[in-house]
Amino acid sequence: MASNNQQGTGTSAATRDRVLIEEPRQYKVVFHNDDFTTMEFVTEVLRVVFNKHTDEAVTLMMKVHREGQAVVGVYSYDMAMTKASRATKMARSEGFPLKITCEPV
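Figured I'd write up the structure that's included with this text.

It is worth spelling out the packing of aromatic side chains at this point. Across all of its chains, the model carries four aromatic pairs by this definition. Between Y27 and Y77 the ring centres are 5.1 Å apart and the planes differ by 70°, which places this aromatic pair in the edge-to-face class. In this pair, Y27 sits in strand β1 (residues 26-32) while Y77 sits in helix α3 (residues 77-93), placing the two residues 50 residues apart along the sequence. For Y27, a relative accessible area of 17% corresponds to the buried category. On the basis of relative accessible area, Y77 is assigned to the partly exposed category, the value being 43%. Ring plane angle 75° and centroid distance 5.5 Å describe the contact between F31 and F50, whose orientation is recorded as edge-to-face.

Thresholds, definitions, all that
Residues numbered from 1 in each chain as written. Predicted model: local features only at pLDDT ≥ 70, side-chain atom pairs only at ≥ 80, totals over all residues. Heavy atoms only, no water. Phe/Tyr/Trp six-rings, centres within 6.5 Å; stacked < 30°, edge-to-face > 60°. Helix = DSSP H or I, 4+ residues; strand = E, 2+ residues; numbered from the N terminus. Buried < 20%, exposed > 50% of the residue type's maximum accessible area, 1.4 Å probe, protein only.

Here it is as structure tokens:
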């Protein structure tokens with residue numbers, strides 16, 4: 001008669017491998033400056049897509065304008081790609097070439 005640990009599986013609890021669970025990798029969403037996308041539009045995208053309050057949206061927009069780029073959020077891969085895609089679609093529908101990238105943290 002087999003013990004409870006070995007019924008049907010062929011392995012005992014003592015011989016099973018440990019599975020290490022890691023936190024999902026995070027990705028930063030980066031807005032890049034260009035000479036065509038308006039400051040007002042960038043602020044609106046930050047408010048609508050990235051749920052930033054107006055003050056924070058303006059601060060981030062100014063950082064993009066002055067420094068050439070700014071991290072506007074850090075998310076899981078799926079969320080970062082979804083937000084970047086939605087923001088890019090908004091920009092293209094308005095005729096703006098806003099560049100948005102997602103980079104691992």
